[in-house]
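Residues per chain, in single letters:
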Amino acid sequence: MVWDTMNDPGLKRTVFITGATSGIGSAVALKFAAEGWNIILHFNSSGPQFGELKRKLSGLNTQFQFLKADFSSRSQLRTLSAKLDTLRIDSVVNNAGTCMVSKHFSELTLKDMNDTFMVNSFAPMLLTSRIFMLMKERRFGRIVNISSIAAKYGGSSFSMHYGCSKRALEGLTRTLAREGAECNVLVNTIRPGVIDTAFHRKFPKDLTKRIAMIPLRKMGVPGDIADIAYYLGSDKNSFITNETIAISGGE
Ligand SMILES: NC(=O)c1ccc[n+]([C@@H]2O[C@H](COP(=O)([O-])OP(=O)(O)OC[C@H]3O[C@@H](n4cnc5c(N)ncnc54)[C@H](OP(=O)(O)O)[C@@H]3O)[C@@H](O)[C@H]2O)c1
């Protein structure tokens, strides 16, 4: 359902979520929707999952629209950015993220690194910076950057590009949080640990071994991230900014 978020002053708050139609992103979308927010859901390739998500969203008292863009494409990013300029956005959850390829760091090409940084770092930098300026004018905004525990440890030898790109995303939190503090735009990072999503099927690893490294000895679920993303990304949060919160079973 398309609606005019810019010009209707009576509207409910609106959140823009990237990578919103799978895994953690869809759990975040459903959480905001359940709390009565309107949702702008970005997606890239996960069309077939819309059926279930749309059905769930339709059952909630919310308005929503889907926007497609491949963040590794400059032209698609520019088009999306121009579209977002026309919408009123109160909160952003930068959730889209990928490894692109799983290769030993000695074999990564510049293209592998660039594509990964485009999705995980440059797209959030570009899109959020513009939305941030409009939030500043309205003196309200919440931004949540979904990083990774990989940014704490460094990725494995096969995910150097991923870990480094998430570290760059965390830098975005720091920069925006400082300027946002004077105008009620609060910016935070969440570092998920191992969460049970399709991510691990796209980039397989020995999960049994990985889970044994987690003090709580289990994976998290998308709802674990969604609850905190909602808290940090909504009016509930009035005093947390420039913070990094790990949701990682004790890692
Ligand atoms: N699961 C974990 O254990 C874990 C741990 C730490 C951090 N994270 C982070 O959590 C976030 C969500 O991951 P997830 O676990 O929910 O996995 P997921 O289901 O694979 O979600 C990844 C999301 O990123 C989007 N995306 C991937 N490539 C893209 C591209 N080229 N352009 C635009 N969007 C793109 C995908 O969109 P489409 O599906 O539409 O292509 C998808 O919605 C990611 O940033 C990930 O790095 C996950």
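The model shown is predicted, which means the values in this text are computed figures rather than measured ones.

Student: Teacher, can you tell me more about helix α9 (residues 222–233) here?
Tutor: Each full turn of the α-helix corresponds to 3.6 residues, which orients residues three or four apart in the same direction. Compared with an ideal rise of 1.5 Å per residue, which puts 12 residues at 16 Å, α9 spans 16 Å between its outermost C-alpha atoms and is within 8% of the ideal. Residues Pro222, Ile225, Ala226, Ala229, Tyr230, Leu232 and Gly233 constitute the buried set of α9. Mapping the buried residues of α9 onto a view down its axis gives an arc of 165°, with all of them on the same face. If you follow the buried residues of α9, they end up packed against α1 (23–34), β4 (91–94), β5 (141–146), β6 (185–192) and β7 (243–247).

Student: Looking at this structure, how should I read the sheet that holds β7?
Tutor: Neighbouring strands of a sheet are bound in pairs by backbone hydrogen bonds; such pairs are parallel or else antiparallel. Spatial ordering of the open sheet is given by β3-β2-β1-β4-β5-β6-β7, a layout of 7 strands whose pairing is parallel. Both edges of this open sheet fall to β3 (64–68) and β7, since each of them pairs with a single strand only. The average undirected angle you get between the axes of adjacent strands in this sheet is 15°. By the bridge criterion, 6 bridges tie β5 to β6 in an arrangement that is parallel. Directly across from Val144, in β6, lies its bridge partner Asn188. Packing against the sheet, helix α6 (residues 160–180) makes contact with β5, β6 and β7, and its axis sits at approximately 160° to β6.

Student: Teacher, can you tell me more about unusual backbone geometry here?
Tutor: Backbone phi values are negative for most residues with the exception of glycine, while trans is the configuration of most peptide bonds. Although it is not a glycine, Asn184 sits at a positive phi angle of roughly 60°. Exposure remark for Asn184: the relative accessible area of 30% places this residue in the partly exposed category. Of note in this structure, Arg217 is not a glycine but carries a positive phi near 55°. Mapped onto the elements, Arg217 comes out in the loop between α8 (207–212) and α9. Residue classification places Arg217 among the exposed positions, given a relative accessible area of 54%.

Student: Looking at this structure, how should I read the packing of aromatic side chains?
Tutor: Two descriptors summarise a pair of aromatic rings, namely the distance from one centre to the other and the angle between the planes of the rings. A full pass over the atoms with the stated rule returns 7 aromatic pairs. Ring plane angle 80° and centroid distance 5.0 Å describe the contact between Phe32 and Trp37, whose orientation is recorded as edge-to-face. Of the two residues examined, Phe32 and Trp37, each falls in the buried class. With a centroid separation of 5.7 Å and 45° between ring planes, the pair formed by Tyr162 and Phe199 is classed as tilted. Of this pair, Tyr162 sits in helix α6 while Phe199 sits in helix α7 (residues 199–202), and the two are 37 residues apart along the sequence. Put simply, the rings of Phe32, Trp37 and Tyr230 touch in pairs and so form one group of aromatic residues. The ring of Phe140 carries the charged tip of Arg13 above its face, separated from the ring centre by 3.7 Å.

Rules and cut-offs
Residues numbered from 1 in each chain as written. Predicted model: local features only at pLDDT ≥ 70, side-chain atom pairs only at ≥ 80, totals over all residues. Heavy atoms only, no water. Helix = DSSP H or I, 4+ residues; strand = E, 2+ residues; numbered from the N terminus. Expected span 1.5 Å × (residues − 1). Buried < 20%, exposed > 50% of the residue type's maximum accessible area, 1.4 Å probe, protein only. Arc of directions from axis to C-beta. Contact = heavy atoms within 4.5 Å. Pairing = 2+ DSSP bridges. Axes fitted to C-alpha atoms, helices over the stretch in contact; angles between N-to-C directions. Phe/Tyr/Trp six-rings, centres within 6.5 Å; stacked < 30°, edge-to-face > 60°. Lys NZ or Arg CZ within 6 Å of the ring centre and 35° of its normal.

In short, shape yes, function no, at least from these values alone.
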